[in-house]
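For reference, the chains in residue letters:
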Amino acid sequence: MNIWLAIGLTVVGCYAVKLAGLLVPAGVLERPLVRRLAALLPVALLAALTAQQAFADGRALVLDARAAGLAAAAVALLLRAPFLLVVAAAVLVTAGVRALGG
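Conventions we followed
- Residues numbered from 1 in each chain as written.
- Predicted model: local features only at pLDDT ≥ 70, side-chain atom pairs only at ≥ 80, totals over all residues.
- Heavy atoms only, no water.
- Helix = DSSP H or I, 4+ residues; strand = E, 2+ residues; numbered from the N terminus.
- Buried < 20%, exposed > 50% of the residue type's maximum accessible area, 1.4 Å probe, protein only.
- Contact = heavy atoms within 4.5 Å.
- Areas by Shrake-Rupley, 256 points an atom, 1.4 Å probe, with all protein chains shown as cover.
- Salt bridge = Lys/Arg side-chain N within 4 Å of Asp/Glu carboxyl O.
- UniProt positions renumbered as here; feature names shortened; annotations may be inferred.
- Core = buried A, V, L, I, M, F, W, Y, C linked by side-chain atoms within 4.5 Å.

- As annotated in an unreviewed UniProt entry, the protein carries the name Branched-chain amino acid transporter AzlD and comes from Streptomyces tunisiensis.

Written out as structure tokens, the structure is:
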């Protein structure tokens, strides 16, 4: 029963956020600060999520195969590799480090 309550609250919350977004006046959305925030916030959130997933294990900071894969992806991005090649490099390096016992 608790799961259905959580699902119901999530549905109501998502609907309320979407409705609030539709009720914002257009003039507010045209402000330079709001436009800049809307452009930069997704990048910051994605970077924070990536860092948390790559370097955290519960409440501890760890450097393992995930960090090596992230480093390989960063190098591939710096070399302007296509997206699929970036993902493949990260996967292969992570798998290789894990296979070597890291």
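What to know about the overall build of the protein
Alright, step 1. When its secondary structure is counted, the protein shows 5 helices and 2 strands.
Alright, step 2. Overall, the protein shows an N-to-C arrangement of helices and strands of α-α-α-β-β-α-α.
Alright, step 3. Overall size of the protein, expressed as C-alpha extent along the three principal axes, is 55 × 45 × 25 Å.
Alright, step 4. Counting over 102 residues, the protein shows a buried share of 11%.
Alright, step 5. Considering only residue pairs separated by 6 or more positions, the protein has 30% of its internal contacts joining residues 24 or more positions apart.
Alright, step 6. If you sum the accessible surface of the protein, you get close to 8,400 Å²; carbon and sulfur atoms cover 75% of it.

Comments concerning the pattern of salt bridges
Side-chain pairing between opposite charges can occur once the charged atoms of the two side chains come close.
Alright, step 1. Summed over the entire model, instances satisfying the criterion amount to 2 salt bridges.
Alright, step 2. Here glutamate 30 makes a salt bridge to arginine 35, at a shortest N to O gap of 3.2 Å.
Alright, step 3. The shortest N-O distance in the salt bridge between aspartate 64 and arginine 66 comes to 3.3 Å.

A word on the UniProt feature "transmembrane region" (unreviewed entry) in the protein
Alright, step 1. The feature "transmembrane region" (unreviewed entry), as given by UniProt, occupies residues 6-25, 37-55 and 67-97 in the numbering adopted here.
Alright, step 2. Secondary structure content for residues 6-25 is 90% helix and 0% strand, and the end C-alpha separation is 31 Å.

Examining the nonpolar core
Nonpolar side chains tend toward joint burial in soluble globular proteins.
Alright, step 1. Among the nonpolar cores identified, the biggest contains 5 residues, and these are Ala73, Ala76, Ala81, Val86 and Ala90.
Alright, step 2. Where this core is concerned, the elements lending two or more residues are α4 (65-78) and α5 (83-99).
Alright, step 3. Ignoring sequence-local partners within four residues, the contact set of alanine 81 consists of Ala76 and Val86.

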